[in-house]
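Here's the letter readout for the chains.
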Amino acid sequence: MWTEPYLETCCRSALHRLMLSGPAGRPAGLKDQPCLDRLERMGLAAQDADGRYHPTPQGVARHEAEILSPP
């Protein structure tokens, strides 16, 4: 049974871009801002004091399970 909230295609892409941004993080104010906000509400991303988004451990795990290793 699927127990995790569904990620829209755009949010999956935003999570992947977030992972690709590395330690610098992803700045706020880009076109994927709504998805970054949704990822933050889901606990998959966090915004630092500078306003940049970074993946949480849950986000890293979700990226590995759903994007790098699709079912």
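Above this text you will find the structure in question.
What comes next concerns the included structure. The structure presented is a predicted model; accordingly, all values stated were derived computationally and were not measured. (Residues numbered from 1 in each chain as written. Predicted model: local features only at pLDDT ≥ 70, side-chain atom pairs only at ≥ 80, totals over all residues. Heavy atoms only, no water.)

## Thoughts on the overall build of the chain
Just so we agree on the cut-off: Elements are defined by DSSP. Helices are runs of H or I of four residues or more, strands are runs of E of two residues or more, and each kind is numbered from the N terminus. Restricting the calculation to C-alpha atoms gives the radius of gyration, and the globule rule supplies 2.2 Å times the number of residues raised to the power 0.38. For the exposure calls, accessible area comes from a 1.4 Å probe over protein chains only, and a residue counts as buried if that area is under 20% of its type's maximum, exposed if over 50%, partly exposed in between. In what follows, a contact means two residues having at least one pair of non-hydrogen atoms within 4.5 Å. Per-residue accessibility takes into account occlusion by the displayed protein chains alone, with areas from the Shrake-Rupley method and a 1.4 Å probe. When charges are counted, neither His nor the chain ends are considered; positive counts come from Lys and Arg and negative counts from Asp and Glu. Every charge is mapped onto a representative atom, which is NZ of Lys, CZ of Arg, CG of Asp or CD of Glu.
Within the chain, the secondary structure is distributed over three helices and two strands. Mapped from its N terminus to its C terminus, the chain presents α and β elements in the order α-α-β-β-α. Here the C-alpha radius of gyration of the chain, 11 Å, is about what a compact globule of 71 residues would show, namely 11 Å. Based on the C-alpha atoms only, the size of the chain along its principal axes is roughly 40 × 20 × 15 Å. When each of the 71 residues of the chain is scored for burial, the buried share is 30%. Long-range contacts, defined as pairs at least 24 residues apart, comprise 57% of the intrachain contacts of the chain with a sequence gap of at least 6. Looking at the chain as shown, the accessible area adds up to about 4,500 Å², and 59% of this sits on carbon and sulfur atoms. Side-chain charges in the chain split into 8 positive and 9 negative, and the spacing between the mean points of these groups amounts to 6 Å.

## Things to note about the side chain of Gln 33
On the secondary structure map, Gln 33 appears in helix α2 (residues 33-41). Its relative accessible area of 17% is what places Gln 33 among the buried residues. Among residues more than four places away in sequence, those in contact with Gln 33 are Ala 28 and Tyr 53.

## Details of the nonpolar core
The criterion, for reference: The set of buried Ala, Val, Leu, Ile, Met, Phe, Trp, Tyr and Cys residues whose side-chain atoms join them within 4.5 Å is what this entry labels a nonpolar core.
With eleven residues, the main nonpolar core is built from Leu 7, Cys 11, Ala 14, Leu 15, Leu 18, Cys 35, Leu 36, Leu 39, Leu 44, Ala 45 and Tyr 53. Looking at which element gives the most residues to this core, the answer is helix α1 (residues 9-20), with four residues. The contacts of Leu 7, once residues within four sequence positions are left out, are Arg 12, Leu 15, Arg 38, Leu 39, Met 42, Leu 44, Arg 62 and Glu 66.

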